[in-house]
Amino acid sequence: MPWRSADETLLQRLEDESLVEALFARAVGRGSGRAVLHPRAAGLVAELRKLPAGAPVVAAALGGDVGPLARLIVELVLAEVPPELVHHLALFHQAAAVALEDVSPEEAAGAWVRALAAWFALAEERAYVTRIEELVLGGGAGEGARRGGGGAGGGARSGARRDRAADAAIPPERLPLEIVSELAKRADAGASDLTPGGRAALLALARIDEAARVAGAHAPAALRARAEAERRRNAAIEAALAVIGDALDEANVRGELTTLGLPLLLRAVPVWRWTSSDEAVEHFVVDRVDKIGWELYRARSWDALRQLLEPFLPMFDSLASRVERDPTRIAYAAAAAQMFVFRAEVERRFPQKLALAERAVAICPTHRNGRLVLASVLCDEAMSAMRAMVVFARRDELERVGALLERAESLYPASSELPEAKEMLGRVKRGRIAV
């Protein structure tokens, strides 16, 4: 029996189906257990065959080397390939993101970003999406005419279907916003249990600019998507923190904040990890630690204050680094500095105590408590140095002590340790042989 064109078409379709499955398995790896591709996904390979650079890698994949094909689909310049291919890429990467989210939120987020970039590119192109909508609406009309036999009833039903389809149609420029909305729903759904899928969605929402850049999207579309992504991302994080905040407020009303505050606030640590160390969680924790910390400070409960601070040290360091890198974050400087003041107050080792006090003032130079504590530490250092001077006092050491006290006075003139330290320096100068 001769080989027919229909046989060739069937063979190519079967090859395309086999290749897209192999390509997807490579993309999702351990997540392939949840992977479900639509039968029409094989169209991705069919579209890749049409590219000058695509035919050789498809041939190589048929020979068993899928690697070049896998690299090609992430390296394509979306603005330079046909929209049909971009549409297939959007759906492929979106399916990969869902398959990956439970095993690797980071990889899933990367797939979401690639899908979003493809939707951005389709929104930029516009004509393809409009053409698809026209085909859908037209198909609805034709189907209604066939089923209704051209009668009045069939025409009415067809018109109703067309109206519903037209109402449901998404303007091309809204395509990225629809994906942002989908990501936001996944983030919201994962907020209470801190699910991997929710984390993947949060990561993707934070990378909207990257997706727009890959697609070459123009500024207005990117700005709208970014604003919506930021708003929805913040809402999901607030939802994750709300339960902790409510519990802390209830403990405060009952007068149990100092006893229950730490175990309740510890729940924010996994939230911080879930959000990939988001700044909003750091603000939440710092605000709550500040309130509990002052209660313990006034009660002179130093061990309890030390225990309160310990689990959140990475958050304090992270927020302080943000303030140091960006002076416009001045609104958070005082709160961040206070955490280092607390840490300096409970630190027993002198070098670490001095470093913590120094950082508090570096974060917020006008912070009253930071300046007070640093002045006190400098006076303690000066007096410790003077006590070590038994008979001889080196001039350079006396000058160092004098400089310490001058700085302490400039920081906080009303320091209670300053008069004693100054008097001690005078006695040393009078009673020691300077060498």
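Criteria and thresholds
- Residues numbered from 1 in each chain as written.
- Predicted model: local features only at pLDDT ≥ 70, side-chain atom pairs only at ≥ 80, totals over all residues.
- Heavy atoms only, no water.
- Helix = DSSP H or I, 4+ residues; strand = E, 2+ residues; numbered from the N terminus.
- Contact = heavy atoms within 4.5 Å.
- Areas by Shrake-Rupley, 256 points an atom, 1.4 Å probe, with all protein chains shown as cover.
- Salt bridge = Lys/Arg side-chain N within 4 Å of Asp/Glu carboxyl O.
- Buried < 20%, exposed > 50% of the residue type's maximum accessible area, 1.4 Å probe, protein only.
- Core = buried A, V, L, I, M, F, W, Y, C linked by side-chain atoms within 4.5 Å.
- Axes fitted to C-alpha atoms, helices over the stretch in contact; angles between N-to-C directions.
- Parallel < 35°, antiparallel > 145°, perpendicular 65-115°, else oblique.
- Left-handed = near helix turned anticlockwise from the far one by under 90°.
- Phe/Tyr/Trp six-rings, centres within 6.5 Å; stacked < 30°, edge-to-face > 60°.
- Nonpolar A, V, L, I, M, F, W, Y, C, P; charged D, E, K, R; others polar.
- Arc of directions from axis to C-beta.
- pLDDT = per-residue confidence, 0-100.

(A) How the structure looks around the overall build of the protein chain. Scanning the protein chain for helices and strands turns up 22 helices and two strands. Counting contacts in the protein chain only where the partners sit at least 6 residues apart, residues at least 24 apart contribute 69% of the total. Of the accessible surface of the protein chain, which amounts to about 22100 Å², a share of 55% is contributed by carbon and sulfur atoms.

(B) Structural view of the pattern of salt bridges. Counted according to the given criterion, the structure contains 33 salt bridges. Among the salt bridges present, the one from Asp 303 reaches Arg 306, with a minimum N-O distance of 2.7 Å. Placement of both Asp 303 and Arg 306 in helix H16 (residues 302-309) is noted, with a separation of three residues, approximately one turn of the helix. Overall, the relative accessible area of 48% leaves Asp 303 in the partly exposed class. Residue Arg 306 is classed as partly exposed on the basis of its relative accessible area of 22%. Put simply, Asp 188, Glu 228, Arg 231 and Arg 232 are held in one network by salt bridges that share partners.

(C) Highlighting the nonpolar core. One finds Leu 48, Phe 120, Val 285, Val 289 and Phe 316 to be the most contacted residues of the largest nonpolar core, which totals 143 residues. If one sorts the elements of this core by residue count, helix H6 (residues 105-125) sits on top with 13 residues. Leaving out residues up to four positions away in the same chain, Leu 48 has contacts with Gly 54, Ala 55, Val 58, Leu 69, Leu 72, Ile 73, Leu 76 and Leu 85.

(D) Quick peek at the side chain of Glu 381. Here Glu 381 lies in helix H20 (residues 368-387). Among residues more than four places away in sequence, those in contact with Glu 381 are Phe 350, Leu 354, Arg 400 and Leu 404.

(E) Region of interest: the packing of helix H21 (residues 395-411) against helix H22 (residues 418-431). Remark: H21 packs on H22, axes separated minimally by 11 Å, with the N-to-C direction vectors making an angle of 160°. It follows that H21 is roughly antiparallel to H22 by the angle criterion. In this structure, the crossing between H21 and H22 has a hand that is left-handed. From H21, Leu 398, Val 401, Gly 402, Leu 405, Ala 408 and Glu 409 reach across to H22, where they touch Leu 418, Ala 421, Lys 422, Leu 425 and Val 428.

(F) Local environment of the packing of aromatic side chains. One pass over the structure, following the stated rule, counts five aromatic pairs. Note on Phe 24 and Phe 92: the rings are 5.4 Å apart at their centroids and 85° apart in plane angle, and the pair reads as edge-to-face. Within this pair, whereas Phe 24 is found in helix H1 (residues 5-28), its partner Phe 92 is found in helix H5 (residues 83-100), the two being separated by 68 residues in sequence. No difference in accessibility class separates Phe 24 from Phe 92, as the two residues are buried. When the centroid spacing of 5.3 Å and the interplanar angle of 85° are considered together, the rings of Tyr 297 and Trp 302 count as edge-to-face. What makes Tyr 297 buried here is its relative accessible area of 18%.

(G) Highlighting the packing of H20 against H22. The geometry of H20 relative to H22 is characterised by a closest axis approach of 10 Å and an angle of 25° between their N-to-C directions. Considered as vectors, H20 and H22 are oriented roughly parallel to each other. Here H20 and H22 pass one another in a crossing that is left-handed. Between H20, through Cys 379, Met 383, Met 386 and Arg 387, and H22, the contact on the second element is made entirely by Leu 418, Glu 420, Ala 421, Met 424, Leu 425 and Val 428. The class makeup of the residues in the contact of H20 with H22 is eight nonpolar, no polar and two charged.

(H) Looking closely at helix H11 (residues 208-215). For H11, the full list of buried residues reads Ile 208, Ala 211, Ala 212 and Ala 215. For H11, the angular spread of the buried residues around the axis is 95°, confining them to a single face. On its buried face, H11 sits against H6, helix H9 (175-190), helix H10 (196-205) and helix H12 (219-253).

(I) Quick peek at the confidence of the model for the protein chain. Scored by pLDDT, the protein chain has a mean of 87; 87% of the residues are at 70 or more. Averaged pLDDT values over the elements of the protein chain bottom out at 46 in helix H8 (residues 152-168) and peak at 97 in helix H14 (residues 268-274). Confidence over residues 160-168 falls short of pLDDT 50; this stretch has seven contacts with residues more than four positions distant or in other chains.

(J) Focus on unusual backbone geometry. The residue Leu 194 is not glycine, and still its phi comes out positive at about 55°. Mapped onto the fold, Leu 194 is located in the loop between H9 and H10. Note on Leu 194: relative accessible area 25%, which makes it partly exposed. The backbone of Ser 277 shows a phi angle near 60°, a positive value even though the residue is not glycine. Within the secondary structure, Ser 277 is located in the loop between H14 and helix H15 (279-298). By relative accessible area, which is 30% here, Ser 277 ends up partly exposed.

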